[in-house]
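Spelled out, the chains give:
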2 protein chains.
Amino acid sequence: MTPKELRKLSAEAGFSKPTAGFCDGYVQANMVALPQQYALEFESFCRKNPKPCPLLEIIGPGSSASKVLAPGADLVTTIPLYRIWEDGQCCHEVFDIKAFYTDDLVFFLLGCSFSFEEALIKGGIPLRHVEQKTNVSMYRTNIPLTSAGPFQGEMVVSMRPIHRSMVGQACVITGAYPDVHGEPIHIGYPEMIGINDISQPDYGDPVEIKPMEIPVFWACGVTPQNVLMKTKLPFAITHAPGYMFVSDLKNENYAVSAGHGPGLIRPKEI
Amino acid sequence: MTPKELRKLSAEAGFSKPTAGFCDGYVQANMVALPQQYALEFESFCRKNPKPCPLLEIIGPGSSASKVLAPGADLVTTIPLYRIWEDGQCCHEVFDIKAFYTDDLVFFLLGCSFSFEEALIKGGIPLRHVEQKTNVSMYRTNIPLTSAGPFQGEMVVSMRPIHRSMVGQACVITGAYPDVHGEPIHIGYPEMIGINDISQPDYGDPVEIKPMEIPVFWACGVTPQNVLMKTKLPFAITHAPGYMFVSDLKNENYAVSAGHGPGLIRPKEI
């Protein structure tokens with residue numbers, strides 16, 4: 001399936017699965033949409049916390065069509081599953097946001113660790129959640145974020161069990177993708193970052209950690225959803241964790257050797 | 001002190017300290033000298049185990065003068081402290097090896113993790129043994145090596161405690177130095193690699209691991225000394241752990257961005 005086909009199916013409510021393992025090689029992105037009055041402060045928040053919130057594109061207000069990641073793709077319909085947030089609560093999950101769109105909304109697309117999973121697998125490092133076709137395990141932590149305006153809170157991380165002999169190499173490989181979370185934020189010892197039960201992820205699916213494997217943690221683009229809960233904004237929209245926006249850009253465009261991604265395109269309006 | 005000055009002092013028995021922290025910026029090397037009959041098999045052993053035994057230069061037989069790392073420097077006198085091995089036992093430590101040199105000896109210079117310590121410190125990652133001017137902690141492990149001829153055994157690792165927030169970055173930084181051990185071989189959980197008491201290093205000095213720090217392990221050029229013990233060669237000479245050969249080449253020559261080091265120069269004789 002091409003990204004365009006996946007987005008078309010999503011728009012027709014014909015695709016509602018986690019997107020990991022689909023459209024190999026293409027950049028997937030986290031999405032946050034906010035009323036314009038919060039947009040500048042949220043952009044500042046992302047720039048202060050680039051590991052969990054790597055900005056790839058900002059769209060709107062007045063438009064919901066991507067220009068950089070997938071020119072013309074409408075963010076109102078092309079994500080498989082959305083979450084509607086009111087006063088810090090996720091109150092609906094919906095297949096499109098036609099009923100909620102206003103031209104006051106600004107859409108933020110943030111990098112996603114799925115982009116470096118291809119490089120890990122090519123590097124000979126197996127990923128259990130990809131093999132088992134489940135959603136990656138994600139956890140709330142006690143790692144503090146730098147606040148901006150009303151936005152504050154703690155980092156969410158994704159976790160992959162890696163054989164002890166491959167952990168260093170996994171760091172080197174993912175470190176080459178600084179625009180999509182980069183190298184791990186933590187390795188081993190979940191309790192050091194406030195994770196008390198590794199078998200109970202806060203988002204996504206649990207995954208077995210076998211003997212001689214070490215849990216490796218990367219900053220995660222679900223972090224803004226944790227922040228929205230704390231910030232209690234009257235209104236926001238996000239993707240549902242694991243149900244990403246699938247773009248037309250290749251992951252390899254975001255490797256350091258390729259000189260990073262195409263750069264953030266900011267809307268002229270804000 | 002320049003490398004040339006340190007080597008001259010060593011040759012006059014006026015310098016007999018661990019070399020970490022001296023001659024910042026210059027490549028330091030591990031040394032193994034063997035009778036010619038073992039040289040080809042030892043070279044093969046190094047090539048099969050490049051993480052602990054990264055070959056930088058081979059000298060002799062018939063000469064003890066470096067051509068690549070420090071042109072003209074005599075390996076018989078310019079290392080601060082040597083070990084003489086007989087039948088797998090270290091039986092003397094000596095300030096020069098004039099009494100043991102024969103023109104049958106082949107000298108191997110192997111990369112040393114001191115080369116990437118400068119890059120770690122420049123990257124904002126403090127190293128306790130450098131701050132405290134002690135020798136780095138080194139441990140025997142149960143990580144098996146690939147054997148070649150009589151050479152076999154387990155890897156020796158060096159350990160540096162790193163704050164949990166900097167471990168991923170430490171991997172990325174050292175991964176850029178593949179010719180001097182590269183990224184860590186193991187992170188956290190000493191018992192996974194057969195280290196039962198982290199407070200008791202097998203070589204070098206112990207170092208405190210503070211709360212929120214993680215022990216990070218790199219392949220170590222002392223590995224051949226562990227192998228010599230197992231192999232029980234009739235005769236061999238090495239540097240003493242931590243008392244390295246200090247070369248005239250810069251560490252930055254060995255970074256990936258510089259296209260690695262100058263390449264191994266093999267003697268024509270073997």
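These notes cover the structure that comes with them. None of these values were measured; they are calculated from a predicted model.

1. Structural notes on the sheet that holds strand 9 (residues 213–219) of chain A
Residues and elements named next belong to chain A.
And then number 1: Spatial ordering of the open sheet is given by 6-7-9-8, a layout of four strands whose pairing is antiparallel. Bordering the open sheet on either side are strand 6 (137–144) and strand 8 (186–187), each of which pairs with just one other strand.
And then number 2: Here strand 7 (residues 154–163) runs beside strand 9; their pairing, made up of seven bridges, is antiparallel. Paired with M159 across the strands is F217, a residue of strand 9.

2. Here we look at unusual backbone geometry
Residues and elements named next belong to chain A.
And then number 1: A cis amide bond links G60 to the next residue, P61, at an omega of 5°.
And then number 2: Note on placement: P61 falls in the loop between strand 2 (55–59) and strand 3 (82–86).
And then number 3: Backbone geometry places Y189, a non-glycine residue, at a positive phi of 45°.
And then number 4: The topology assignment puts Y189 in the loop between strand 8 and strand 9.
And then number 5: The buried category is assigned to Y189, whose relative accessible area is 17%.
And then number 6: At K232, a position not held by glycine, the phi torsion is positive, near 55°.
And then number 7: In this fold, K232 is placed in the loop between helix 6 (223–231) and strand 10 (236–239).
And then number 8: Judged by relative accessible area, which is 54%, K232 ranks as exposed.

3. Looking at the interface of chain B and chain A
And then number 1: Tallying the contact residues gives 23 residues for chain B and 22 residues for chain A.
And then number 2: Where chain B abuts chain A, roughly 1700 Å² becomes buried across the two surfaces, and 64% of that area is made up of carbon and sulfur atoms.
And then number 3: Looking at the side of chain B facing chain A, the largest losses of area belong to R164(B), Y189(B) and M192(B), adding up to 35% of the total buried there.
And then number 4: Here chain B and chain A share zero salt bridges between them.
And then number 5: Our count for the contact surface shared by chain B and chain A stands at three residue pairs in polar contact (both at pLDDT 80 or more).
And then number 6: Of all the secondary structure elements, the ones that give two or more residues to the side of chain B that touches chain A are helix 5 (167–175), strand 8 (186–187) and strand 9 (213–219) of chain B.
And then number 7: Among the elements that line the side of chain B that touches chain A, the one with the most residues is helix 5 of chain B, at six residues.

4. Here's the deal with the side chain of Q225(B)
All names here are of chain B.
And then number 1: Here Q225 lies in helix 6 (residues 223–231).
And then number 2: A relative accessible area of 1% means that Q225 is categorised as buried.
And then number 3: With residues near it in sequence (within four places) discarded, Q225 still touches R83, W85, T238, H239 and P241.

What counts, and where the lines are drawn
Residues numbered from 1 in each chain as written. Chains lettered and ligands numbered in written order. Predicted model: local features only at pLDDT ≥ 70, side-chain atom pairs only at ≥ 80, totals over all residues. Heavy atoms only, no water. Pairing = 2+ DSSP bridges. Helix = DSSP H or I, 4+ residues; strand = E, 2+ residues; numbered from the N terminus. Buried < 20%, exposed > 50% of the residue type's maximum accessible area, 1.4 Å probe, protein only. Contact = heavy atoms within 4.5 Å. Buried area = accessible area lost by both parts, 1.4 Å probe. Salt bridge = Lys/Arg side-chain N within 4 Å of Asp/Glu carboxyl O. Polar contact = N/O pair within 3.5 Å; in protein donor to acceptor, adjacent residues only side chain to side chain.

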